[in-house]
Amino acid sequence: EAGVTQSPTHLIKTRGQQVTLRCSPISGHTSVYWYQQALGLGLQFLLWYDEGEERNRGNFPPRFSGRQFPNYSSELNVNALELEDSALYLCASRWTVYTEAFFGQGTRLTVV
Amino acid sequence: KQEVTQIPAALSVPEGENLVLNCSFTDSAIYNLQWFRQDPGKGLTSLLLIQSSQREQTSGRLNASLDKSSGRSTLYIAASQPGDSATYLCAVSTGTASKLTFGTGTRLQVTL
């Protein structure tokens, strides 16, 4: 069974540009979570999607947004990139709050 | 607001030693607690999930305990090996927000 997959694995963007990151959850998982892990910092919660709806978001500006598709895959969009957006972006999925969460390998975003 | 703390922040032990990693959380109204390991620049690998009604879980050389009333969990690693070197993170699921709240991790190095 395939795990959580994220694409791309790495990308480099210029300040001010926009980026889209993608996540495919484990089959059967309806909840998708996005986290940001800046270098040397902990995991910061970005967004939670469940059944196609945004259920919760962390303390991030509106230029961080996303969506979940009918097949439960998800996109994270970041507009007007800033240097401090450089980080590892991690996606996780689980079936319900009572079950195990699984993470993808992440997307390393570098903003120059 | 849920806060998760992990002690120690870093730990270096010789191969073969048994060790204990600690995790504490401020809000005891959790659904469950999950332990992960993270290798440098990689995603998170799930190690153990403990439901709020459970006291401990075991997987191979790993044993995790949970004392929900005191807001504590420990991860016991038996007979440590160099391949155990990684950052270990605990995360709790709390309340209707359903997000995983992470500690800042314990960086473990197992030396030959």
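Before reading on, note that the structure itself is shown above.
Residues numbered from 1 in each chain as written. Chains lettered and ligands numbered in written order. Predicted model: local features only at pLDDT ≥ 70, side-chain atom pairs only at ≥ 80, totals over all residues. Heavy atoms only, no water.

K.L.:
Could you give an account of the overall build of chain B, naming the residues involved and the relevant values?
P.N.:
Tallying secondary structure elements over chain B gives 0 helices and 11 strands in all. Starting at the N terminus and walking to the C terminus, you meet the elements of chain B as β-β-β-β-β-β-β-β-β-β-β. Taken over C-alpha atoms, the radius of gyration comes to 13 Å for chain B, in line with the 13 Å a tight globule of 112 residues would show. Counting the 112 residues in chain B, one finds 45% classified as buried. Total accessible area on chain B stands at roughly 5,200 Å², and carbon and sulfur atoms take up 48% of it. Of the side chains in chain B, 9 bear a positive and 8 a negative charge, and the two mean positions are spaced by 6 Å. (Helix = DSSP H or I, 4+ residues; strand = E, 2+ residues; numbered from the N terminus. Rg over C-alpha atoms; globule rule 2.2 N^0.38 Å. Buried < 20%, exposed > 50% of the residue type's maximum accessible area, 1.4 Å probe, protein only. Areas by Shrake-Rupley, 256 points an atom, 1.4 Å probe, with all protein chains shown as cover. Lys, Arg positive; Asp, Glu negative; His and termini not counted. Charge placed at Lys NZ, Arg CZ, Asp CG, Glu CD.)

K.L.:
Go over the packing of aromatic side chains with me, naming the residues and quoting the values.
P.N.:
Applying the stated criterion across every chain yields a total of 9 aromatic pairs over all chains. Relative to Phe36(B), the ring of Phe103(A) lies with its centre 5.4 Å away and its plane at 90°, an arrangement referred to as edge-to-face. Residue Phe103(A) is found in strand S10 (residues 102-103), and its partner Phe36(B) is found in strand S4 (residues 30-38); the two belong to separate chains. Across the pair, Phe36(B) and Phe103(A) agree in class, each one buried. Taken together, the aromatic side chains of Tyr35(A), Phe45(A), Phe103(A), Phe36(B) and Phe102(B) make up a single cluster linked through ring pairs. (Phe/Tyr/Trp six-rings, centres within 6.5 Å; stacked < 30°, edge-to-face > 60°.)

K.L.:
Can you tell me about the state of the cysteines, naming the residues and giving the values?
P.N.:
Using the criterion set out here, one finds 2 disulfides over all chains in the structure. For Cys23(A), the disulfide goes to Cys91(A), at an S-S distance of 1.7 Å. Between Cys23(A) and Cys91(A) the sulfur-sulfur dihedral comes to about -60°; the bridge is accordingly left-handed. Residue Cys23(A) is found in strand S3 (residues 19-24), and its partner Cys91(A) is found in strand S9 (residues 87-94); the two are separated by 68 residues along the sequence. You can call Cys23(A) buried: its relative accessible area is 2%. In this model, Cys23(B) is linked to Cys90(B) through a disulfide, with the two sulfur atoms separated by 2.0 Å. Its torsion about the S-S bond being 80°, the disulfide of Cys23(B) and Cys90(B) is classed as right-handed. Of the two residues, Cys23(B) sits in strand S3 (residues 19-25) while Cys90(B) sits in strand S9 (residues 86-94), which places them 67 residues apart along the sequence. Each member of the pair, Cys23(B) as well as Cys90(B), carries the same accessibility label: buried. (Disulfide = S-S within 2.5 Å.)

K.L.:
So what about the side chain of Gln38(B)? Which residues, and what values?
P.N.:
If you trace the backbone, Gln38(B) turns up in strand S4. A distance of 2.7 Å separates a polar atom in the side chain of Gln38(B) from the backbone oxygen of Lys42(B). Excluding residues that lie within four positions of it along the chain, Gln38(B) makes contacts with Gln37(A), Leu88(A), Leu90(A), Gly43(B), Leu44(B), Ala86(B), Thr87(B) and Leu89(B). (Polar contact = N/O pair within 3.5 Å; in protein donor to acceptor, adjacent residues only side chain to side chain. Contact = heavy atoms within 4.5 Å.)

K.L.:
Now, about the pattern of salt bridges: what can you tell me, with residues and values included?
P.N.:
A full pass over the atoms with the stated rule returns 6 salt bridges over all chains. Put simply, Asp85(A) and Arg63(A) hold a salt bridge, and the shortest N to O gap is 2.7 Å. Here Arg63(A) lies in the loop between strand S6 (53-57) and strand S7 (64-68) and Asp85(A) lies in the loop between strand S8 (74-78) and S9, a separation of 22 residues in the sequence. Here Asp85(A) falls in the buried class, since its relative accessible area comes to 3%. In this structure Arg63(A) comes out as buried when scored by relative accessible area, which is 16%. Put simply, Asp39(B) and Arg37(B) hold a salt bridge, and the shortest N to O gap is 2.8 Å. (Salt bridge = Lys/Arg side-chain N within 4 Å of Asp/Glu carboxyl O.)

K.L.:
I'd love a proper account of the nonpolar core, names of residues and values included.
P.N.:
Residue and element names in this part refer to chain B. In this structure, Phe25, Leu33, Trp35, Leu75, Ile77, Tyr88 and Leu108 are the most contacted members of the largest nonpolar core, which totals 23 residues. Put simply, the parts of the chain that give this core at least two residues each are S3, S4, strand S5 (44-51), strand S7 (62-67), strand S8 (72-77), S9 and strand S11 (106-111). For Leu75, the contacting residues outside a window of four places in its chain are Leu19, Val20, Leu21, Trp35, Leu47, Leu48, Leu62, Asn63, Ala64 and Tyr88. (Core = buried A, V, L, I, M, F, W, Y, C linked by side-chain atoms within 4.5 Å.)

K.L.:
Can you lay out the sheet that holds S8(B) for me, pointing to particular residues and giving the numbers?
P.N.:
One key point about sheets: their strands pair by backbone hydrogen bonds, in either a parallel or an antiparallel sense. All names here are of chain B. As summarised here, the arrangement of the 5 strands in space is S1-S3-S8-S7-S6, forming an open sheet in which the pairing is antiparallel. Two strands close off the open sheet at either side, each with one partner strand: strand S1 (4-7) and strand S6 (56-59). Direction aside, the axes of adjacent strands within the sheet are offset by 15° on average. Note that S7 and S8 share 6 bridges and pair antiparallel. Note that in S8 the partner of Asp67 across the bridge is Arg72. (Pairing = 2+ DSSP bridges. Axes fitted to C-alpha atoms, helices over the stretch in contact; angles between N-to-C directions.)

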